[in-house]
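Examination of the molecular architecture
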Number of protein chains: 2
Amino acid sequence: MSEEQQGGVCDVSDVSEVCDVSDVSEVCDVVVVGGGLSGLCAARRLKERNEKLRVLVLEAKGRVGGRTLTLSLPASNGHDSWDMGGQWFTTRAVLNAKISTYTSSIPSFSPLVLLDFINFLWRYKHLHSPSFTLNIERLCKSVCVENPMETPDALQLDSMTVQSYMDQHIWTAQLTEELKLCTRSLFGLEPSQLSFLYFLMYSAAAGGVMKLLETTPGSAQEFKVKGGTQQLSKRVAEQLGKGNVRLGSAVMAIWQNEESVQVKTGTSTITCKAVIVTCPPHMAAQIEYRPALPLKRQRLAQWMPVGHMTKFIITYPTAFWKQKGFSGEIVAHPSPSCPFGVTFDASSPSGSPALVGFIAGVQDCYWNSRESEDRRDAVVSSLVKYLGPEAASYIHYEEKDWAKEEYNGGCPVNVMVPGMLTFYLPSLRTPCGRIYWAGTETATRWCGYLSGAVQSGQRAALEVLADVSPDVLSESELQEVRAGLLRTPSDLSRVWELTGGSASFSRFLIGLTVMAVSVGGAVFLLKPGLCSNCLSHVLAVIQK
Amino acid sequence: MSEEQQGGVCDVSDVSEVCDVSDVSEVCDVVVVGGGLSGLCAARRLKERNEKLRVLVLEAKGRVGGRTLTLSLPASNGHDSWDMGGQWFTTRAVLNAKISTYTSSIPSFSPLVLLDFINFLWRYKHLHSPSFTLNIERLCKSVCVENPMETPDALQLDSMTVQSYMDQHIWTAQLTEELKLCTRSLFGLEPSQLSFLYFLMYSAAAGGVMKLLETTPGSAQEFKVKGGTQQLSKRVAEQLGKGNVRLGSAVMAIWQNEESVQVKTGTSTITCKAVIVTCPPHMAAQIEYRPALPLKRQRLAQWMPVGHMTKFIITYPTAFWKQKGFSGEIVAHPSPSCPFGVTFDASSPSGSPALVGFIAGVQDCYWNSRESEDRRDAVVSSLVKYLGPEAASYIHYEEKDWAKEEYNGGCPVNVMVPGMLTFYLPSLRTPCGRIYWAGTETATRWCGYLSGAVQSGQRAALEVLADVSPDVLSESELQEVRAGLLRTPSDLSRVWELTGGSASFSRFLIGLTVMAVSVGGAVFLLKPGLCSNCLSHVLAVIQK
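Residues numbered from 1 in each chain as written. Chains lettered and ligands numbered in written order. Predicted model: local features only at pLDDT ≥ 70, side-chain atom pairs only at ≥ 80, totals over all residues. Heavy atoms only, no water.

As annotated in an unreviewed UniProt entry, chain A is Amine oxidase from Tachysurus vachellii. Under the UniProt heading Subcellular location (unreviewed entry), the entry covering chain A gives this text: "Mitochondrion outer membrane". Quoted verbatim from the Cofactor (unreviewed entry) field of the UniProt record, the comment on chain A reads "FAD". (UniProt positions renumbered as here; feature names shortened; annotations may be inferred.)

What follows concerns the overall build of chain A. Scanning chain A from N- to C-terminus turns up 22 helices and 19 strands. Considering chain A as a whole, with its 544 residues, one finds that 58% of them fall into the buried category. A sequence separation of at least 24 residues applies to 73% of the contacts in chain A between residues at least 6 apart. Surface summary for chain A: the accessible area is close to 21400 Å², and the carbon and sulfur share equals 57%. (Helix = DSSP H or I, 4+ residues; strand = E, 2+ residues; numbered from the N terminus. Buried < 20%, exposed > 50% of the residue type's maximum accessible area, 1.4 Å probe, protein only. Contact = heavy atoms within 4.5 Å. Areas by Shrake-Rupley, 256 points an atom, 1.4 Å probe, with all protein chains shown as cover.)

What follows deals with the sheet that holds strand S10 (residues 261-265) of chain B. All names here are of chain B. Pairing within the open sheet is mixed, and its five strands lie in the order S1-S11-S10-S9-S13. Strands at the two margins of the open sheet, each flanked by one partner only, are strand S1 (24-27) and strand S13 (288-290). Shown here is a sheet whose adjacent strand axes are inclined to one another by a mean of 15°, direction ignored. Strand direction decides the pairing type here: strand S9 (residues 251-256) and S13, joined by three bridges, are parallel. Within the sheet, the bridge partner assigned to Ala253 lies in S13 and is Glu288. (Pairing = 2+ DSSP bridges. Axes fitted to C-alpha atoms, helices over the stretch in contact; angles between N-to-C directions.)

Formed by 154 residues in total, the largest nonpolar core has its most connected members in Phe187, Tyr198 and Leu383 of chain A together with Phe187, Tyr198 and Leu383 of chain B. Contact partners of Tyr198 of chain A, with chain neighbours within four places excluded, come to Phe187, Asn414, Val415, Met416, Leu421 and Cys447 of chain A. With 28 residues, the next largest nonpolar core counts Val32, Tyr436, Leu465 and Val468 of chain A among its residues. (Core = buried A, V, L, I, M, F, W, Y, C linked by side-chain atoms within 4.5 Å.)

It is worth spelling out the pattern of salt bridges at this point. Residues and elements named next belong to chain A. Scanning all chains against the criterion turns up 38 salt bridges over all chains. Between Arg246 and Glu26 there is a salt bridge, and its shortest N-O distance comes to 2.9 Å. With Arg246 in strand S8 (residues 245-246) and Glu26 in strand S1 (residues 24-27), this residue pair connects regions lying 220 residues apart in the sequence. For Glu26, a relative accessible area of 21% translates into the label partly exposed. The salt bridge partner of Arg184 is Glu190, with a shortest N-O separation of 2.6 Å. Through salt bridges with shared partners, a single ionic network connects Lys61, Arg63, Lys400 and Glu405. (Salt bridge = Lys/Arg side-chain N within 4 Å of Asp/Glu carboxyl O.)

Glancing now at the packing of aromatic side chains. All names here are of chain A. Here the structure, examined in full by the defined rule, presents 30 aromatic pairs over all chains. Their ring planes at 75° and their centres at 5.7 Å tell us that Tyr316 and Trp321 sit as a pair that is edge-to-face. Each member of the pair, Tyr316 as well as Trp321, carries the same accessibility label: buried. Among the aromatic residues, ring-to-ring pairing joins Phe187, Tyr198, Phe199, Tyr202, Trp446 and Tyr449 into one connected group. Sitting over the face of the ring of Tyr366, Arg370 holds its NZ or CZ atom 4.0 Å from the ring centroid. (Phe/Tyr/Trp six-rings, centres within 6.5 Å; stacked < 30°, edge-to-face > 60°. Lys NZ or Arg CZ within 6 Å of the ring centre and 35° of its normal.)

Attention shifts here to the UniProt feature "binding site: substrate" (unreviewed entry) in chain A. All names here are of chain A. Following the UniProt record, one finds the feature "binding site: substrate" (unreviewed entry) at Phe358. Within the secondary structure layout, Phe358 lies in strand S17 (residues 354-360). Owing to a relative accessible area of 4%, Phe358 belongs among the buried residues under this scheme.

Time to look at the packing of helix H3 (residues 37-49) of chain A against helix H18 (residues 450-468) of chain A. All names here are of chain A. Put simply, H3 and H18 touch, their axes get as near as 7 Å, and they point 40° apart. On the basis of their axis angle, the class for H3 and H18 is oblique. Between H3 and H18 lies a crossing whose hand is right-handed. On the side of H3, the interface is formed by Leu37, Ser38, Cys41, Ala42, Arg45, Leu46 and Arg49, while H18 contributes Leu450, Ala453, Val454, Ser456, Gly457, Gln458, Ala461, Leu462, Val464 and Leu465. (Parallel < 35°, antiparallel > 145°, perpendicular 65-115°, else oblique. Left-handed = near helix turned anticlockwise from the far one by under 90°.)

Residues and elements named next belong to chain B. Within S10, four of the five residues are buried, leaving the element largely enclosed by the surrounding structure. Connecting S9 to the antiparallel partner S10 that follows it, the hairpin turn spans four residues. In this sheet, strand S11 (residues 268-272) lies alongside S10 in antiparallel orientation, the contact comprising four bridges. What sits directly across from Gln262, in S11, is Thr271.

Residue and element names in this part refer to chain B. Neither face of strand S3 (residues 55-58) is open: one carries Val55 and Val57, the other Leu56 and Leu58, and all of them are buried. Pairing geometry for strand S2 (residues 30-33) and S3, over four bridges, is parallel. Along S3, the bridge assignment pairs Val30 with Val55. Each parallel crossover has a hand, and the one from S2 via helix H3 (residues 37-49) to S3 is right-handed. Sheet topology places S3 next to strand S8 (residues 245-246); two bridges connect them, and they run parallel. What sits directly across from Leu58, in S8, is Arg246. (Right-handed = clockwise from strand over helix to strand, strands pointing away.)

Below, the discussion takes up the sheet that holds strand S18 (residues 396-401) of chain B. Residues and elements named next belong to chain B. What the five strands build is an open sheet, ordered S15-S16-S17-S14-S18; its pairing is antiparallel. Two strands in the sheet have a free side with no partner beyond their single neighbour: strand S15 (330-331) and S18. Strand direction decides the pairing type here: strand S16 (residues 342-345) and strand S17 (residues 354-360), joined by four bridges, are antiparallel. Within S17, the residue paired with Phe344 across the bridge is Val356. The strands touched by helix H8 (residues 173-187) within the sheet are strand S14 (309-315), S15, S16 and S17, with S14 carrying the most contacts at an inclination of about 85°.

Moving on: empty space enclosed by the protein. With the rule as written, the count across this model stands at 12 cavities of 30 Å³ or more. Around the second largest cavity, the lining comprises 13 residues; the ones closest to its centre are Pro305 and Val417 of chain A together with Trp303, Val417 and Met420 of chain B. Among the residues forming the lining of the second largest cavity, the class breakdown is 11 nonpolar, two polar and no charged. (1 Å grid on protein atoms, 1.4 Å probe; cavity = no way out; pocket = protein on both sides within 12 Å on 5 of 7 lines; lining within 4 Å. Points joined across faces, edges and corners; volume = space filled by probe spheres on them. Nonpolar A, V, L, I, M, F, W, Y, C, P; charged D, E, K, R; others polar.)

In this section: the environment of Thr422 of chain B. Residue and element names in this part refer to chain B. For Thr422, the position within the fold is in helix H17 (residues 420-424). On a C-alpha basis, the gap between Thr422 and Val64 in space is 34 Å, while along the polypeptide they are 358 residues apart. Residues within four places of Thr422 in sequence aside, it is in contact with Met149, Leu155, Asp158, Leu492 and Val495. Separated by 2.5 Å, the side chains of Thr422 and Asp158 make a polar contact. (Polar contact = N/O pair within 3.5 Å; in protein donor to acceptor, adjacent residues only side chain to side chain.)

Residue and element names in this part refer to chain A. With respect to the helices and strands, the residue Ser195 is situated in the loop between helix H8 (173-187) and helix H9 (196-205). A distance of 3.2 Å separates the side chain of Ser195 from the backbone nitrogen of Leu197, its partner in a polar contact. Setting aside anything within four residues of it in sequence, one finds Ser195 in contact with Leu157, Asp158, Met160, Val162, Met416, Val417 and Pro418.

A few words now on the confidence of the model for chain A. Note: predicted coordinates in regions of low pLDDT should not be interpreted at a detailed level. Residue and element names in this part refer to chain A. Taken over all residues, the pLDDT of chain A has a mean of 81, while the share at 70 or more is 75%. Below pLDDT 50 for its whole length, residues 124-134 participates in 26 contacts with residues either more than four positions away or in separate chains. Across the interface, the model reports ipTM at 0.82; the global pTM reads 0.84. (pLDDT = per-residue confidence, 0-100.)

Okay, here's the thing in structure tokens:
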């Protein structure tokens, strides 16, 4: 791990000075679990608002940055930096099915597929009134990100997968494949593994489906960070100061009572007033809580799956693809010979030529159990196939399978399967006593992204301040915190009130009418006399 | 826990004699993790076939029986035994919407709902040939339980929830509600939380959907065990002998290399040739494995959710409901006042009157976070409402929320969400080196039931024998084991080959035809001249 050799304020060597005594008992005001962007921004917000607060960030790994990691790799001009994790998060060109050149952010489709795509984006049949069609983007905007269960038809949308929705609304196999590439690149998962309502909520938190896919201003892929995104965390950690960010400190247990919380690592017990847990939900689920967390919170944290995502950087002496007139963007459909789904040009700001690629979803499922040499060779030979023989003469190949990173276990984000929003949503952000929840999964703006990590950390910091240091908050901030906490999603009793209803009934009526007309028609054809008799009987009854 | 006071061969006091030394190093041939029915039957099968094998069962709890638990409760004649877990597993009368009397196993429906139910059971539109309709029972039989991905349309069936299927095929809100009650009672989960293919596989493993619901011979609810189902485990544990079943021994880690496996509890390390892990998947996921298990196995074990299920027994001085002409079977729809979904008469073989009830799925989600007294009071007042004021004068109320049982965490069974069979199925039974998998979740007959636990334990024992003691197996048994292991579900590369295809294309053609006819019709109405011109052009082109 070359980034560990880079030094900086927060490496393990600094830490050993701080905690070389075993089973130390310590006291502070707030402990933040997780030194990713979310946890560090939470800590900074706490200190910004009340510098007297003693805040301690505990990070299990030997580095800060969570799901961002910037490595220095051998490159054309010696060494250069690349992001092995969160970057802009790439889905920029995934709507392209082969190597092609285009200038707009959505690549060109065949007319049939384009028709299908427009149909998919625009023609959403409102479930309870089939005659009323809704634009899927407008549907996205109708989703209340804070409480998706308030969305019209929320129960039905959360009871289906993205794949089920696609099966009902997409005509061409090609568009189906393109959209699978999208969810694979966005989540590391296939459309069959995601709740459709969750997908809408995730898109809504980004401002719309197209925002996730485009490269236009305001969309997900607008910016990259020169020098790498891990810098963001390193800078914030620097601001917080050595003593306040402790690496190599995995939290094993959080015990709370009415007076305080105890946070236990392998070597020390820290007593404090509040804890902000920022690690990914499935990692938070491995901490021992006393008293046990509410069952719904346990279930949510345990069962929010995280995708399969391996990212690779391959550096070259020259950007030979540009000389050939290629952009470096390849979109490859899954096959047993090509591991990646997408690649992009990843040449550094200082000009070191490189490509970045993603092995995600079903492709990563297939490839991650193979030997890393085989995977690398398959990547290189696929690049040769698409870009020419020069692709074989690379300087360095580096890959990062986030599922294998300890204290992480997957990238880019924990998602929700059908039914999860319906049954467990209230547990996502609701504090459990003195335990507060942050991390990009809990964000309501850019959930799953770096911005979401920052937003969630700052929100949790305000929640804690409202409890431990309310005097530093303005009245409007206090109200905002209270409103956020009160905006508890609807009670489960609404679930059973909302089930059944008009959709089933209208479908039943349609069925019944069709059946009546068919049977009536058949009878009329066979026995016109009988039929007119019946009809006069019915008319007589109606007249009565 | 009154069952711990009952004594018997396997209680904790016996165990302390065996392992009062800390960090003991031991050696045996096979370690079985989990003293439920599956683990004990695996151990017995190993000893039956080769009595020289040193087999050790490690059970984390202070009792054997896993998800079966028989308690002695205060009753009309002093004390009597009731099952708080696996019993026959009740769904017997859930297809009834109110208190009623009936003699067949499926209660009477209104004609409309009956029509809908028949339609649901019989009219399955085959996805790739819409004109061909399949009986859902026949569809069930078409599922290969060993490898559900070989089922026609497997990918599509696994990409939808049971709820999505119901939404497409059920007309009446009432039938929807009844079927929700079914999945709630069978799995402790709502139809939106289950993969439809998984539901078909589970049903197929039981011989069909109706087999899960009926009480006729050969169906799931045919038998109860006099004296309780936990006896089964206790008897097998007795046969194995004290020294071979160790209670209070939670397995923390399993480390293997090419020569052997080390199984670590808090107090000892046992070196052996093979391990059979029988605990529920999400508990197996908490063991530390070195080397790490394949990622797919990790994901499968972590993310197979388990339902919400609380069972209660309430004992009475008399079976007053019978005197009133009621069977004791109540089916109540979810409401904020009534916690249970179903109750049944549970009077003991010796005549102690009692009712058994289930709080499951969304109802348990809603009720399990409330105080136990409130839940009990709500149960009793609901019984009063349905059965009369005598219901208030109970002798004893006992409830068991399996989610709160340590080393268990849920009942009745871990299930699969959409996409799980597609992506992780091969990991369900495939051994990982010297680690073999059992437990009712891995059964291919009566998966999720007591019989499935036995079958899976015996299957894993044969797999181990084929490795450590092949001489005791017949040639046909060896072939059976090999065939079972080779029947590895299809490679993931099939997943991307199977996607897309005729369904989308036929839907596209239909859409295109409808659009062409509409546009053509409109144009014809507005500009008949233009239309005939166009038509002659098209005809000219075709003739060329």
